[in-house]
Amino acid sequence: MSYPDAYEEFKLLNIQDMKERKRRMKLPVPKHDVQISLWRTLKSFVGKDLTKVAIPVHFNEPLTFLQRLSEDLEYSDLLDKASDESITSAMRLMYLTVFSAIPYACVSRRYSKPFNPLLAETYELVREDKGYACIAEQVSHHPPITCLHTEHELWTFWQEYKMDSKFRPTYFKVVPTGSVHVKVRHTGEHFSWMKPTTTIHNIILGQLWNDQEGTVTITNHSTGQKACLFFQPYKTTKHYTKIKGEVYDLEGNVEIQIKGDWTSHFKYKHVDSETWTDVWNLETDILEEKKKYWGFSPFSLQLNELEEGVCHTDSRCRPDQRELEHGKVDEAAEEKLRLEELQRGRRKNNKNANPQWFQEYTDPDTQDTYHTYRGGYWESKLAEDFSTSPNIF
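Now for a description of the structure that goes with this document. (Residues numbered from 1 in each chain as written. Predicted model: local features only at pLDDT ≥ 70, side-chain atom pairs only at ≥ 80, totals over all residues. Heavy atoms only, no water.)

## With respect to the overall build of the chain
The cut-off we apply is this: Helix and strand assignments follow DSSP, with helices taken as H or I runs no shorter than four residues and strands as E runs no shorter than two, numbered in order from the N terminus. Working definition: with a 1.4 Å probe on protein chains only, accessible area under 20% of the residue-type maximum means buried, over 50% means exposed, and in between means partly exposed. Each accessible area is a Shrake-Rupley result for a 1.4 Å probe, and residues are judged covered by the shown protein chains and nothing else. His residues and chain termini do not enter the charge count, which takes Lys and Arg as positive and Asp and Glu as negative. The location of each charge is read from NZ of Lys, CZ of Arg, CG of Asp or CD of Glu.
Each helix and strand counted, the chain has ten helices and 19 strands in total. Considering only C-alpha atoms, the chain reaches an extent of 60 × 50 × 40 Å along its principal axes. The proportion of buried residues among the 393 residues of the chain is 54%. Counting only carbon and sulfur atoms, one obtains 48% of the accessible surface of the chain, whose full area is about 18100 Å². Counting 51 positive and 59 negative side-chain charges, the chain places the centres of these two groups 8 Å from one another.

## A word on the nonpolar core
Where we set the bar: We define the nonpolar core as a collection of buried residues of types Ala, Val, Leu, Ile, Met, Phe, Trp, Tyr and Cys that are connected through side-chain atoms lying within 4.5 Å of one another. In what follows, residue pairs with any heavy atoms lying within 4.5 Å of each other are defined as contacts.
Ranked by internal contacts, the top residues of the largest apolar core, which has 71 residues, are Met94, Val98, Phe157, Phe266 and Trp280. The greatest single-element share of this core, amounting to 13 residues, is contributed by helix α5 (residues 89-106). Once you skip the residues sitting within four places of it in the chain, valine 98 turns out to touch Leu78, Ile258, Phe266, Val279 and Trp280. In terms of nonpolar packing, the next biggest core, distinct from the first, is built from 17 residues, Cys147, Cys311, Trp357 and Phe386 among them.

## Concerning unusual backbone geometry
A cis geometry characterises the amide bond from histidine 142 onward to proline 143, with omega recorded as 0 degrees. Here proline 143 shows up in the loop between β4 (132-140) and β5 (145-152). With phi around 65 degrees, glutamine 367 is a residue other than glycine that occupies positive phi space. Looking at the secondary structure, you find glutamine 367 in the loop between β18 (358-362) and β19 (369-373).

Here it is, written out as structure tokens:
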């Protein structure tokens, strides 16, 4: 799956013995309100690969994509439930199917762009209250590839995020091409899926909104059992946020049905039952006060909070992002330009080209080759020694 001693290394952190720390519930200042010409800025991007375009800082939120990817873990309690020893493999698939859709609810009302991570940039997320430790790294700049690995006593969650994109005057389309994986520790079951296509509409004029499309197939590689989640775009239905899913037995018969709205809730029922049971509901504390802070949920508000002991390549250490979080937009723009020029210089000299914490790996279950955690980050953190990490800021 990954570095053989990843779980043993994780256990060195002794998360269960960590004191739960108090986390912030707001940012230093509310979101800036800068009036700029959106059309003048965006018209030169039409038809281009946005991964190679320098986006003005005015369009950013104070998080990097490394941190955005870690938001997939906001409702990690569903992974805990999927790892319950007492449930069936079908119920495990049901929980993971719902879990696969939740990230779109968490960012459905946010349209600012996360900062593009620099090559070798990292992000660590240790949640002693939730029992997991996550490390992410930008392993490639062109094409952009972001990797994430999370360990928990009950499960392991990892993914490599890659994408194709298409920008047109009326929409921006993102087609993920990487895969997401979960392994349940006590059974050894390995699950994987690919994310649906996301389209953001009304880029130039009107109210921004997004939809998802495509069938997400969650596969249990240990048993062969599968589940599907059906995203329908607005072009096929005005009720595009409504969603249905199905968990199948080994013969392909529907065993569990799932329904809901990917922006707010999910329910499930067994096919031989008439009773629908709640699985997940969006926390409703994204109130007017929170809307001042880029629409971040409480979980998201805490992602860029300063912490001691993180690697100097951590997203929390980015000066441009920190300036933006404090409302200093001009200073953020200057720092963003400086960092981009530094990165171009490193690429020209071919420095720091290899990932620090991830390596390519061929998955024996899927036969796909992707980057997976090689180990060593948490050992370096405990030793307070990140001397081998590059200076990217």
